[in-house]
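Coordinates in review
Chain by chain, the residues:
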Amino acid sequence: MQLIFEKSRPGRRALALDPLDVPPVELPAAFRREAPPALPEVGEFDVVRHFTHLSRRNFGLDSHFYPLGSCTMKYNPKVAETVAAHPGFASLHPHLSTTPAYWDACQGALELVHTVEGILAQVGGMEAACLQPMAGAHGELAGTLLIAAYHRDRGNAHKRVVLVPDSAHGTNPASAAMAGFDVVQIPSTPEGLADLDRFREAMNDNVAAVMLTCPNTHGLFEPQVAEIAEMAHAVDALMYYDGANLNAIVGKCRPGDLGFDVMHFNLHKTFATPHGMGGPGSGAIAVGDRLLPYLPGPRVERAGEGFVLREPPKSIGRMAPFFGNFLIAVRAYAFLRHYGGDGLAAVAENAVLNANYILARLRGAYRPAFEGTCMHECVFTAAAQAEKGARALDIAKALLDRGYHAPTVYFPLTVKECVMIEPTETESKETLDAFCDDMLEIARLADTSPEALKAAPGSLPVTRLDEVKAAKDLNCASLP
Ligand SMILES: *Cc1c(COP(=O)(O)O)cnc(C)c1O
């Protein structure tokens, strides 16, 4: 595919201006370029075709099913985009909020921040929420910094250990380490659950916090969360909830009620922001009463009829400029209002139903990594296929040829040759059936002619990449 610069021909233009009907005026020399900018010279049709063609090479939910486990790639209602594009939100100057004299001019935005934080706190079963963190990982950092502030304030400097199960997302131990803690990894049981005995062995007065994901990244609800919370609280350790999988339980059960003290939401996974490839995101956090005084500031508070900004008494300070990615909060507002409490519960019910449907249809051909039913995602192991020569990676590449984004295959690290599928609540039975039919066909190929899968993908502009070069030699001239 040619660059638009390669399509350039001297003198060709997309736009011809009418002759001037006023006398021309020379720009002062100080403002003039010495040489014209190096822009491509192309006709209007060339420009339109070039960019239309490029846009069709995008892979996204508007065109394809995207069963990427753990990432919750679901349809986000377009009405949320319309609301976020409202000039009253989109054109607002962020510095209005930093100058008390201008607070009058941004009361609507402040009210929205206050309302979304209130709803998130309610959904999480927490006391208060804060929209500042810009991604899930950033929320984890904010949450672990809050935990550090809490222990410091109580004179518990020896509490330096954070317990994290081995199924956790890599950001969990990384965030805890960045906040200054020592991470101790707790192995999961063979059933894929948090191991209560291992937690009991590791729990002592040096433990500052436990970080858990529930349902965990094996797609399983942790039935012993309340026991772990009780054990942690007995030594004044706090419970951190990684909310990336909230799509499975939103509206059905609340992390605060399970014993968690602090959590993050991935608004870009659960609450209506399209994502992928690096943001923008929002990792809003919510806390119970223990951590309330330490929240990042300033906070929007109601004062009489209006809203003002105040610093929490022992705030850890800012985690982000202004209110984080404000327009993502606007999308979340639209989504939360659109669905309401019952609608959110239906999100979780359908997400879990869809994942179990896939689990049931594929379990004869691919071995489930764990027994029983799953929550919002199902995890298989392609170990049997790999023995015959078709690895999880080959299965993922074969799916690309059939018009799907690949499922997650390198995570969780606890499952060999992992194929982790998250259909979300927004896919129809027809889409799930077509996907399962293709997965079953790929399983047959893996059995009879695994070498056919090794050649995939054959239909895309970029075929099988040398993975090392893809990471280290990006300036690759050989792409078609
Ligand atoms: C996505 C994810 C995160 C990190 O969230 P980001 O918004 O990508 O920073 C943390 N934990 C789990 C389980 C996740 O799936």
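Whatever comes next refers back to the structure up there.
Before going into details, it helps to say that this report is about the structure given with it. None of these values were measured; they are calculated from a predicted model. (Residues numbered from 1 in each chain as written. Predicted model: local features only at pLDDT ≥ 70, side-chain atom pairs only at ≥ 80, totals over all residues. Heavy atoms only, no water.)

Neither face of strand β11 (residues 378-381) is left uncovered, since the one carrying Cys 378 and Phe 380 and the one carrying Val 379 and Thr 381 both have all their residues buried. Here strand β10 (residues 367-368) pairs with β11 via two bridges, running antiparallel. What sits directly across from Pro 368, in β11, is Phe 380. Both β11 and strand β12 (residues 418-421) contribute to a ladder of four bridges, which runs antiparallel. Bridging across to β12, Phe 380 finds its partner in Val 419. (Buried < 20%, exposed > 50% of the residue type's maximum accessible area, 1.4 Å probe, protein only. Helix = DSSP H or I, 4+ residues; strand = E, 2+ residues; numbered from the N terminus. Pairing = 2+ DSSP bridges.)

As a further point, take the sheet that holds β10. Sheet architecture is open: three strands sit in the order β10-β11-β12, paired in antiparallel fashion. Across the chains shown, the open sheet's two edge strands, defined by having one partner strand only, are β10 and β12.

Looking along the chain, the bond that leaves Cys 214 and enters Pro 215 is cis, with omega of -5°. Note on placement: Pro 215 falls in the loop between β4 (207-213) and α8 (225-234). Omega for the peptide link from Gly 297 to Pro 298 comes to -5°, which places this bond in the cis form. A positive phi angle, close to 75°, is found at Ser 70, a residue other than glycine. Relative to the helices and strands, Ser 70 is located in the loop between α1 (44-56) and α2 (78-84). For Ser 70, a relative accessible area of 6% gives the class buried. Positive phi is not limited to glycine here, since Thr 72 has a value of about 50°. With respect to the element layout, Thr 72 can be found in the loop between α1 and α2. Residue classification places Thr 72 among the buried residues on the basis of a relative accessible area of 1%.

With that settled, the discussion passes to the packing of helix α11 (residues 326-362) against helix α14 (residues 429-448). Where α11 meets α14, the axes come as close as 10 Å, and the angle between the chain directions of the two elements is 30°. On the basis of their axis angle, the class for α11 and α14 is roughly parallel. Handedness of the α11/α14 crossing: right-handed. Here Asn 354, Tyr 357, Ile 358, Arg 361 and Leu 362 of α11 lie close against α14, whose contacting residues are Lys 429, Leu 432, Asp 433, Phe 435, Cys 436, Asp 437, Met 439 and Leu 440. A class-by-class count of the residues in the contact of α11 with α14 yields eight nonpolar, one polar and four charged. (Axes fitted to C-alpha atoms, helices over the stretch in contact; angles between N-to-C directions. Parallel < 35°, antiparallel > 145°, perpendicular 65-115°, else oblique. Left-handed = near helix turned anticlockwise from the far one by under 90°. Contact = heavy atoms within 4.5 Å. Nonpolar A, V, L, I, M, F, W, Y, C, P; charged D, E, K, R; others polar.)

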